[in-house]
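Coordinates in review
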Amino acid sequence: MTLELRNSPDPSLMSRIGRQVRLAFGLMVLAVPLSGCGTGALWDKYFAKEETFVDEPADKLYNEGLYLMNKKGDRKSAMKKFEEVDRQHPYSEWARKSLLMSAYAAYENGDYDECISSANRYVALHPGSPDAAYAQYLIAASNFDQIPDVSRDQGRTEKSIAALEEVIRKYPTSEYASSAKRKIEAARDQLAGKEMTVGRYYMDKKDYTAAINRFKVVVTQYQTTRHVEEALARLTEAYMAIGIVGEAQTAAAVLGHNFPDSRWYKDAYNLVKSGGVEPAANKDSWMTRAFKKVGLG
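Looking at an unreviewed UniProt entry, the chain carries the name Outer membrane protein assembly factor BamD, with the source organism given as Candidatus Afipia apatlaquensis. Word for word, the UniProt comment on the chain under Sequence similarities (unreviewed entry) is "Belongs to the BamD family." Listed under Subcellular location (unreviewed entry) in UniProt, the entry text for the chain is "Cell outer membrane".

In C-alpha cells, the structure reads:
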C-alpha cells in the first residue's frame, strides 16, 4: 500500500500536463484548417528572403542587343534588349542609341509599324541629334517598302512620298537626302503607273473622255516618269477616236519633240498620218504648256 502510494502520479503535476496537452492539441486543430486557407504560403512568404531587382549595366544590354542582331540574326530578341536599356536607363546616352537601334532592328525584321513608332519617338526626343536624319529616313523607308502594286489603292505610296520629302526638307545636306530623292522618283513612277492602268481600262471600255483625264494626270504631274511617253501616245489615240484632231496632233508632236527615238512616237506618228495630218504642236494646248513648264518642250 505504501509502495503504491509512493509510485502514484502527483495530482497537481498531472493537472498541469493535462492543460498543456489540451492547449497543444487545440492549436494543432486550429492550424489544420488555416493551412488549407493558404497559411503555408503566407508563412513561406514571411520567412522567404526578400528578392531585389538588380539593373544590368546599360552598355552590357546594348552590346548584347548588337550581338543578337548582327551575330545571331535574332532581331526580335535584339529589340527586347534595346528596349530594356530604355526601360532601365531611360536618361542615358545608351538609351538614345538603343532607341535608334530598336527602330533599325524592327525595319530589318519587316516590323514597319514598330519601326515607324520607335523612329518617330527618336525624332521627337532627339531632334538635334546627328542621327535624327537617319531616324527620319527609316520612317520614310518603312512606308516606301510597303508600297503596293498598281492594281491596289496607292494611299501608302502618297504617304511614302510625304515622308521622303520630309527627309529632304529637314536634312537637305544629309547623306539620306539623295537616297530619298531616288525613292521619290520610284514612288512617283508608281503613282503614274496607277493612272495608266486606269486609263487603259477606260480605253478598252471606249470611254475616251475618262481615259484622257487619267493620261492628262500623267502628263501634267509625272513628266519625269517612264510612263509619260505612253501617256502621250494614248492621248493621241484617244483624241483621234473622238475627233479632236488638233489635240491628237499636239500630243504626237510633243512626244516626238521630247522623245524622238521612242517606239511610242512611231505609233503616234503613224496614227495621225493615217488621219491625213502631221504631228503639229499647238502652243496654246495644255500639253505644250505642261512640258514647257518643266523645260521638256
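As a further point, take the nonpolar core. Within the largest apolar cluster, 72 residues are counted, with the highest numbers of intra-cluster contacts made by Leu138, Val219, Leu232, Leu235 and Leu255. Among the elements that take part in this core, helix α7 (residues 132–144) stands out by supplying 10 residues, more than any other. Setting aside anything within four residues of it in sequence, one finds Val219 in contact with Val228, Ala231, Leu232, Leu235, Trp286, Ala290 and Phe291.

It is possible for side chains of opposite charge to pair when their charged atoms get near one another. Per the stated rule, a full pass over the model turns up 16 salt bridges. Connected via shared salt-bridge partners are Glu56, Lys60, Glu64 and Lys81.

Let us now look at the packing of helix α5 (residues 93–108) against α7. The description of two helices packed together rests on the angle between their axes and the distance between the axes. Contact geometry for α5 and α7: axes closest at 11 Å, N-to-C directions at 20 degrees. Relative to α7, the element α5 is oriented roughly parallel. Of the two possible hands of crossing, α5 and α7 adopt the one that is left-handed. On the side of α5, the interface is formed by Leu100, Ala103, Tyr104 and Tyr107, while α7 contributes Tyr134, Ala135, Leu138, Ala141 and Ser142. Split into classes, the residues belonging to the contact of α5 with α7 amount to 8 nonpolar, 1 polar and no charged.

A separate point is the packing of aromatic side chains. Per the counting criterion, the structure on display carries 7 aromatic pairs. Taking 5.7 Å as the distance between ring centres and 55 degrees as the angle between the ring planes, the aromatic pair formed by Tyr62 and Phe82 counts as tilted. Of this pair, Tyr62 sits in helix α3 (residues 58–70) while Phe82 sits in helix α4 (residues 75–88), placing them 20 residues apart in sequence. Take Tyr62 and Phe82: they sit in the same class, and that class is buried.

Right, let's talk about helix α9 (residues 175–204) for a bit. Residues that lie three or four places apart on an α-helix share one face, since the helix turns once every 3.6 residues. End to end, α9 covers 45 Å across 30 residues, agreeing with the expected 44 Å (1.5 Å per residue, within 8%). Phi turns positive one or two residues past the end of α9, at Lys206, with a value near 60 degrees.

Look at helix α12 (residues 245–258) against helix α13 (residues 263–274): their axes get within 9 Å of each other, and the N-to-C directions meet at 150 degrees. Regarding the angle of α12 to α13, the classification is roughly antiparallel. Between α12 and α13 lies a crossing of left-handed hand. Touching Ala248, Gln249, Ala252, Leu255 and Gly256 of α12 are Trp264, Tyr265, Ala268 and Val272, all from α13. A class-by-class count of the residues in the contact of α12 with α13 yields 7 nonpolar, 2 polar and no charged.

The rules behind each value
- Residues numbered from 1 in each chain as written.
- Predicted model: local features only at pLDDT ≥ 70, side-chain atom pairs only at ≥ 80, totals over all residues.
- Heavy atoms only, no water.
- UniProt positions renumbered as here; feature names shortened; annotations may be inferred.
- Core = buried A, V, L, I, M, F, W, Y, C linked by side-chain atoms within 4.5 Å.
- Buried < 20%, exposed > 50% of the residue type's maximum accessible area, 1.4 Å probe, protein only.
- Helix = DSSP H or I, 4+ residues; strand = E, 2+ residues; numbered from the N terminus.
- Contact = heavy atoms within 4.5 Å.
- Salt bridge = Lys/Arg side-chain N within 4 Å of Asp/Glu carboxyl O.
- Axes fitted to C-alpha atoms, helices over the stretch in contact; angles between N-to-C directions.
- Parallel < 35°, antiparallel > 145°, perpendicular 65-115°, else oblique.
- Left-handed = near helix turned anticlockwise from the far one by under 90°.
- Nonpolar A, V, L, I, M, F, W, Y, C, P; charged D, E, K, R; others polar.
- Phe/Tyr/Trp six-rings, centres within 6.5 Å; stacked < 30°, edge-to-face > 60°.
- Expected span 1.5 Å × (residues − 1).

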